[in-house]
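Observations on the model geometry
The primary structure of each chain is shown beneath.
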Amino acid sequence: MAELMTTELKRLNYLISEIDAAYHEAALKIGLSDSSMTVLYAVCNSGGSCLLSEICKLSGTSKQTINSALRKLEAEGLIYLEAGEGKRKKVCLTEKGMDCSKNGVARLIALENDILASWTANEQEKYLELTQKYLACLKQKIKEEL
């Protein structure tokens, strides 16, 4: 069977895998599982509380995986759940969770902000624009052709 991937697609897949690996390494250094870091990242990035549905939406992680991480984080005293409107649940950091986030996830977010700030405005816009374009095209092609 002939090779299906172009050199560019191989490079893109490699870069995506390496970015995933870097976030995995960050989670390990912080002392969190990938899914726990996903939850704390979203909550920290939202100022200390976030709707459960937003965590799933922003992370692309399944509700089941997020719920498993929530139970673990709740047992560790890092988060608590609060009733929202209707059946919506709000995930909130405890005092311990805020301290943990300041020493871990918030530092990661600061590193990411530093990296973007080191790029010119044009580089930032180009990266974001092309990533958004790739994502939109991928979603459309999956919808139409798979």
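Residues numbered from 1 in each chain as written. Predicted model: local features only at pLDDT ≥ 70, side-chain atom pairs only at ≥ 80, totals over all residues. Heavy atoms only, no water.

**So, the packing of aromatic side chains**
How two aromatic rings sit relative to each other is given by the distance of their centres and the angle of their planes. To keep it simple, the criterion reads: Only centres within 6.5 Å qualify two rings of Phe, Tyr or Trp (six-membered ring in Trp) as a pair; their planes then separate them into stacked at under 30 degrees, edge-to-face at over 60, and tilted for everything else. Only protein chains enter the calculation, and the probe is 1.4 Å; a residue is then buried if its accessible area is under 20% of its type maximum, exposed if over 50%, and partly exposed in between.
Enumeration over the complete set of coordinates arrives at one aromatic pair. Between Trp 119 and Tyr 127, the ring centres sit 5.4 Å apart and the planes meet at 75 degrees, which makes this aromatic pair edge-to-face. What makes Tyr 127 partly exposed here is its relative accessible area of 40%.

**Quick look at helix α4 (residues 63–75)**
One turn of the α-helix equals 3.6 residues, which is why residues spaced by three or four share an orientation. Using the following cut-off: The numbering of helices and of strands both runs from the N terminus, where a helix is a DSSP run of H or I of at least 4 residues and a strand a run of E of at least 2. The span you would expect from a helix comes to 1.5 Å times its residue count less one. This arc is taken over the directions from the axis of the helix to the C-beta atoms.
Along its 13 residues, α4 runs 18 Å from first to last C-alpha, staying within 8% of the 18 Å computed at 1.5 Å per residue. Along α4, the residues that are buried comprise Ile 66, Ala 69, Leu 70 and Leu 73. Taken down its axis, α4 places every buried residue within 110 degrees of arc, on the same side. Projecting away from the buried face of α4 at angles above 90 degrees are the exposed residues Gln 64, Arg 71 and Ala 75. Immediately beyond the C-terminal end of α4, within one or two residues, lies Gly 77, with a positive phi of roughly 75 degrees.

**What about the sheet that holds strand β3 (residues 89–93)?**
Selection criterion: Should DSSP find at least two bridges between two strands, the strands are taken to pair. Fitted lines through C-alpha atoms give the axes, limited to the stretch in contact for helices. The angle between two N-to-C directions lies from 0 to 180 degrees.
Strand order in the open sheet made by the three strands is β1-β3-β2, with antiparallel pairing throughout. Whereas interior strands pair on both sides, the edge strands pair on one side only; in this sheet they are β1 (49–51) and β2 (79–83). Ignoring strand direction, the axes of neighbouring strands in this sheet form an average angle of 25 degrees. As paired strands, β2 and β3 are joined by five bridges and run antiparallel to one another. Note that in β3 the partner of Leu 81 across the bridge is Val 91.

**Structural notes on a nonpolar patch on the surface**
Where we set the bar: Candidate patch residues must exceed 30% relative accessible area and have no salt bridge, after which like charges are joined if within 9 Å and Val, Leu, Ile, Met, Phe, Trp or Tyr side chains if within 5 Å. In this description, accessible areas are obtained by the Shrake-Rupley approach with a 1.4 Å probe, and a residue is regarded as covered only by the protein chains that are shown. Here a salt bridge means any side-chain nitrogen of Lys or Arg lying within 4 Å of a carboxyl oxygen belonging to Asp or Glu.
On the surface, a nonpolar cluster with roughly 580 Å² of combined accessible area is contributed by Met 5, Leu 9, Tyr 134, Leu 138, Ile 142 and Leu 146. The leading source of residues in the nonpolar patch is helix α7 (residues 121–145), at three residues. Mapped onto the elements of the fold, Leu 9 is located in helix α1 (residues 7–30). The class of Leu 9 is partly exposed, set by a relative accessible area of 30%.

**Structural notes on the pairing of β3**
Pairing between β1 and β3: three bridges, direction antiparallel. From the neighbouring strand, Leu 51 faces β3, where its bridge partner is Lys 90. What sits between the antiparallel neighbours β2 and β3 is a turn of five residues, in which Gly 86 has the positive phi angle 60 degrees.

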